[in-house]
Amino acid sequence: MDEQAEDRNEELELINKFENMVKENDTVFFDLSEFELIIDHYTSNLNYTQALAACNAALAQYPFSTELQIDKSQLLAMAGNFEEALQLIEEVALVDPDNADISVTRGVIYTQKGEYNTAIEFFKKAAAVTTDRDDIYFNIGLTYQSWGKFKSAVKYYKQCLQINPENELGMQELLYCLDISGNLENSLPFFQEFIDADPYSHTAWYNLGLVQFRLELFEKALSSFEYSTIIKADFANGYLQLANTYVHLGEFAKAIDHFNQFTEHDAPSADIYCNIGECYEKLRQWDQARKYYQKSIDLDPNMDEAWFGIGVILNAQAKWFEAVHFFRKATTIYPDSSDYWLALAAAEYNVGHIVSSIEAYEKASELAPANKDIWLNWSILLYEQGNYEGAIELMENAIEIQPEEAELHYRMCAYLLSAGNYKEAYNYLENALILDFDKHYLLFEYFPELESQKALARLIDQYRK
């Protein structure tokens, strides 16, 4: 395990030590630097409540630390306690008026309040007295981004990266703003400049690869990420992005190799194991896929993608009773995924749980009414139960949502024919043929008995080109 992975493990041990202290309602001594790491950990994970608790615990041990008081003021702002945050930072300003972080904190507070112009004035005041703070330019960029002024945000994110090319959040937000403003492709020369200045910078090659990846220039991105790992052999993120790029290219075996290389240089996470499991799933190596999905769940029992992945594997093996359990667990953890409910509905149907299947289809349709597969699969269930009226009603709902979807019209035609509503069925058939003649085979694929109906054949021939 390399230094980066060791640092991460040490951080996790520190977090566990702090959380045990809170759980036991005990008092444990931490260095000021350790408290800063704990606070940063929770802040970076957007857990402001826990970060504030850590900050209060730190202030109990270091009550005169202006750094901790500034941290607390920013956290109060993040939690929406603006007046308390402003009052605290004013108190700090009386003690340490020349501290640039006071202006930065005021900027953070006013950004959170939505007073963007005032926030930027404070950030620029801080930038005027210190020129090497990438975080100040990052905050200016973030404020402009929150304001909806993406081109201005780009300008300051670039200044942030010029000071510190390894500012991951700055890079992430810059790519987003370039993408949303339509300037991503035009930014390539900016990232090339870093490489021209230092061809042996692994970060420069990595950042260029991120842009190329976002532009779907996957082969070029592979080369850039490869250079980053050649220059810095223990660069974990380089291997991770190589793996992600190979996934997009459909080269799942290579993706697995690079995910594994990532785990050699950084502690594996539930996400990484889940990604490896999905790659094995794509390769139809079911045992290996299930092994890594289970590893993911062992690290994080709430990893819904892994529960769903095991369900997919079991479903592919026709083990529907087992699949139901895993699909249902996925929907429990993340109930807003229509894909999870759709898969559960199909598995419930396969084991004969018709009522449960219908309930799952209903939930899926509420989450993704524009997904035609939900309506088609749900309606065929009703049709097979002899509930033609219910199947027709579902198709009416689906066609109202997606009137241009030919497959829905073909299916409606079949259901109406089965119900004996011939005239109405032919109307829907005409609509379907006009929308997409080539899909008329679907009518006979699902209902082969209809091929013997001469009236249907004559109507289809009229629209044959």
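Residues numbered from 1 in each chain as written. Predicted model: local features only at pLDDT ≥ 70, side-chain atom pairs only at ≥ 80, totals over all residues. Heavy atoms only, no water.

(A) Just unusual backbone geometry, in detail. The phi angle at E216 is positive, at roughly 65 degrees, despite the residue not being glycine. Structurally, E216 is set in the loop between α12 (202-214) and α13 (218-231). Residue classification places E216 among the exposed residues on the basis of a relative accessible area of 60%. The phi torsion at R284 lies on the positive side, around 60 degrees, for a residue other than glycine. Note on placement: R284 falls in the loop between α16 (270-282) and α17 (286-299). By relative accessible area, R284 is classed as exposed at 56%. (Helix = DSSP H or I, 4+ residues; strand = E, 2+ residues; numbered from the N terminus. Buried < 20%, exposed > 50% of the residue type's maximum accessible area, 1.4 Å probe, protein only.)

(B) Examining a nonpolar patch on the surface more closely. A cluster of nonpolar side chains, contributed by Y200, Y227, I230 and I231, occupies part of the molecular surface with about 460 Å² of accessible area. As for its placement among the helices and strands, Y227 is situated in helix α13. Take Y227: its relative accessible area is 41%, and that puts it in the partly exposed class. (Patch = residues over 30% accessible without salt bridge, like charges linked within 9 Å, V, L, I, M, F, W, Y side chains within 5 Å. Areas by Shrake-Rupley, 256 points an atom, 1.4 Å probe, with all protein chains shown as cover. Salt bridge = Lys/Arg side-chain N within 4 Å of Asp/Glu carboxyl O.)

(C) Representation of the environment of L94. Position of L94 relative to the elements: it lies in helix α5 (residues 82-95). The exposed category is assigned to L94, whose relative accessible area is 75%. Separated by 303 residues in sequence, L94 and N397 have C-alpha atoms that sit 66 Å apart.

(D) Representation of helix α24 (residues 406-418). Between its terminal C-alpha atoms α24 stretches 19 Å, which fits the 18 Å expected from 13 residues at 1.5 Å a residue. Of all 13 residues that make up α24, 12 are buried, and the element is covered over most of its length. Every buried residue belonging to α24 is among A406, E407, L408, H409, Y410, R411, M412, C413, A414, Y415, L416 and L417, and all of these are buried. For α24, the secondary structure elements touched by its buried residues are α22 (372-384), α23 (388-401), α25 (422-435), α26 (441-446) and α27 (454-462). (Expected span 1.5 Å × (residues − 1). Contact = heavy atoms within 4.5 Å.)

(E) How the structure looks around the packing of aromatic side chains. For the coordinates displayed, the defined rule picks out 28 aromatic pairs. One aromatic cluster is present, formed by F18, F29, F30, F35, Y42 and Y62 through successive ring pairs. The ring of F190 has K158 lying over it, and the distance from NZ or CZ to the ring centre is 4.8 Å. Above the face of the W307 ring, K329 is positioned so that its terminal group lies 5.4 Å from the ring centre. (Phe/Tyr/Trp six-rings, centres within 6.5 Å; stacked < 30°, edge-to-face > 60°. Lys NZ or Arg CZ within 6 Å of the ring centre and 35° of its normal.)

(F) A look at the packing of helix α2 (residues 32-44) against helix α4 (residues 66-78). Remark: α2 packs on α4, axes separated minimally by 11 Å, with the N-to-C direction vectors making an angle of 15 degrees. In terms of their interaxial angle, α2 and α4 are classed as roughly parallel. Crossing handedness for the pair α2 and α4: left-handed. Only E67, L68, D71 and L75 of α4 make contact with α2, whose side of the interface consists of L32, E36, I39 and T43. (Axes fitted to C-alpha atoms, helices over the stretch in contact; angles between N-to-C directions. Parallel < 35°, antiparallel > 145°, perpendicular 65-115°, else oblique. Left-handed = near helix turned anticlockwise from the far one by under 90°.)

(G) Quick look at empty space enclosed by the protein. This structure, assessed with the given rule, holds one cavity of 30 Å³ or more. Lining the largest cavity we find E407, Y410, R411, A414, L442, L443, Y446 and F447. Elements supplying a minimum of two residues to the lining of the largest cavity: α24 and α26. (1 Å grid on protein atoms, 1.4 Å probe; cavity = no way out; pocket = protein on both sides within 12 Å on 5 of 7 lines; lining within 4 Å. Points joined across faces, edges and corners; volume = space filled by probe spheres on them.)

(H) Region of interest: the packing of helix α6 (residues 100-113) against helix α7 (residues 116-129). One way to put it is that α6 packs onto α7 with a least axis distance of 8 Å and a crossing angle of 165 degrees. Put simply, α6 runs roughly antiparallel to α7. The handedness of the crossing between α6 and α7 is left-handed. Residues A100, S103, V104, R106, G107, V108, Y110 and T111 of α6 touch α7, and the partners they reach there are Y116, T118, A119, F122, F123, K125, A126 and V129.

(I) How the structure looks around the nonpolar core. With 153 residues, the main nonpolar core has F18, I38, L429 and L443 as its most contacted residues. The dominant element in this core, judged by the number of residues it contributes, is α24, at nine residues. If near-sequence neighbours (up to four positions away) are discounted, L443 is found in contact with Y410, C413, A414, L429, L450 and L456. (Core = buried A, V, L, I, M, F, W, Y, C linked by side-chain atoms within 4.5 Å.)

Functional significance is not addressed by these values, which are geometric in nature.
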